[in-house]
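# Survey of secondary and tertiary structure
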Amino acid sequence: MNSSRTVSSLGRAFAGVLLASVGLFHRQVVAQGVDTTAHYRVVDIDGHDMHVRVSGLERRKEGTPVVIFEAGFSQSMDVWRPVLTQVAALAPVLAYDRAGLGQSEWDNESPEPQHATLRLHKLLAALSVKPPYLLVGYSWGGNLLRYYAGNYADEVAGIEYVG
């Protein structure tokens, strides 16, 4: 069997088990009254609005990783909607629209990895979201997060690629 297929199959299996576990835990957390409602915010980064969705930041304990979701090439943060609330039952979460996607303004810059990751870094600073971060991405978003981890390794607790 092709090794990339094996990795991809294992990744899907892992993601399935993780989401099933998160779903069970989410039901317990909701039963206990923990608020996992996602809140939308608009943040000015270098004169351009970026749209962000966060949940659980207000109850974050120091040292707890924030799960940051990065969408694929031309997709908005809405692709993460089915899992954000469930993951928020376990940890604080943040998803956002990169420049020119979803509701975020285009910043007239090429969306190259160094630019996209710098903007993410500025966004996290503007929101006062301190490390550590658990980065979750797929497709182009996975590549961007890998680049982010290479530039800000001391901020990253881990990376999860979703296939």
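Shown above is the structure to which this text applies.
Residues numbered from 1 in each chain as written. Predicted model: local features only at pLDDT ≥ 70, side-chain atom pairs only at ≥ 80, totals over all residues. Heavy atoms only, no water.

Another point: helix α3 (residues 113-126). Relative to the 20 Å expected for 14 residues at 1.5 Å per residue, α3 spans 20 Å between its end C-alpha atoms, a close match to the ideal helical length. Those residues of α3 that fall on the buried side of the exposure criterion are H115, A116, T117, R119, L120, L123 and L124. Taken together, the buried residues of α3 touch β1 (39-45), β2 (48-55), β3 (66-70), β4 (93-96), β5 (133-137) and α4 (140-151). Positive phi appears at S128, one or two residues downstream of α3, with a value of about 60°. (Helix = DSSP H or I, 4+ residues; strand = E, 2+ residues; numbered from the N terminus. Expected span 1.5 Å × (residues − 1). Buried < 20%, exposed > 50% of the residue type's maximum accessible area, 1.4 Å probe, protein only. Contact = heavy atoms within 4.5 Å.)

Our next topic: the environment of Y147. Within the secondary structure layout, Y147 lies in helix α4. Note: C-alpha distance between Y147 and Q114 (33 residues apart in sequence) is 7.5 Å. With residues up to four places along the chain from it excluded, the contact list for Y147 reads P113, Q114 and T117.

Once that is clear, we can look at helix α2 (residues 81-88). Inspection of α2 places V83, L84, V87 and A88 among the buried residues, and these make up the whole buried set. The arc that holds every buried residue of α2, seen down its axis, measures 130°, which confines them to one face. (Arc of directions from axis to C-beta.)

Another point: the side chain of R119. On the secondary structure map, R119 appears in helix α3. R119 gets classed as buried once you look at its relative accessible area, which sits at 5%. Beyond its immediate chain neighbours, meaning those up to four positions away, R119 contacts I45, D46, H48, M50, A99 and D107.

Below, the discussion takes up the nonpolar core. A general trend in soluble globular proteins is that nonpolar side chains are found buried together. Ranked by size, the top nonpolar core spans 21 residues in total, and within it L94 and L123 carry the most contacts. Of all the secondary structure elements, the ones that give two or more residues to this core are β1, β2, β3, β4, α3, β5 and α4. Ignoring any residue separated from it by four or fewer positions in sequence, one finds L123 in contact with V43, I45, M50, V52 and Y96. Formed by 13 residues, the second largest nonpolar core is a distinct cluster that contains F69, A71, M77 and V83. (Core = buried A, V, L, I, M, F, W, Y, C linked by side-chain atoms within 4.5 Å.)

Glancing now at the packing of α3 against α4. Their axes nearest at 9 Å, the elements α3 and α4 cross at an angle of 70°. The angle between α3 and α4 falls in the class roughly perpendicular. Residues P113, Q114, A116, T117, L120, H121 and L124 of α3 form the contact with α4, whose participating residues are W140, L144, L145, Y147, Y148 and N151. Of the residues assigned to the contact of α3 with α4, the class counts are 9 nonpolar, 4 polar and no charged. (Axes fitted to C-alpha atoms, helices over the stretch in contact; angles between N-to-C directions. Parallel < 35°, antiparallel > 145°, perpendicular 65-115°, else oblique. Nonpolar A, V, L, I, M, F, W, Y, C, P; charged D, E, K, R; others polar.)

Turning our attention to the sheet that holds β1. Taken together, the 6 strands give an open sheet; going across it, the order is β1-β2-β4-β3-β5-β6, and neighbouring strands pair in mixed fashion. In the strand order of this sheet, the two ends are held by β1 and β6 (156-161), each with one partner. Adjacent strand axes in the sheet meet at a mean angle of 25° when their direction is disregarded. Bridging between β3 and β4 involves 3 bridges; their strand directions are parallel. Bridging across to β4, F69 finds its partner in A95. Docked against the sheet, α3 engages β1, β2, β3, β4 and β5, running at close to 115° with respect to β1. Across the sheet, α4 is in contact with β3, β5 and β6; its angle to β5 comes to roughly 155°. (Pairing = 2+ DSSP bridges.)

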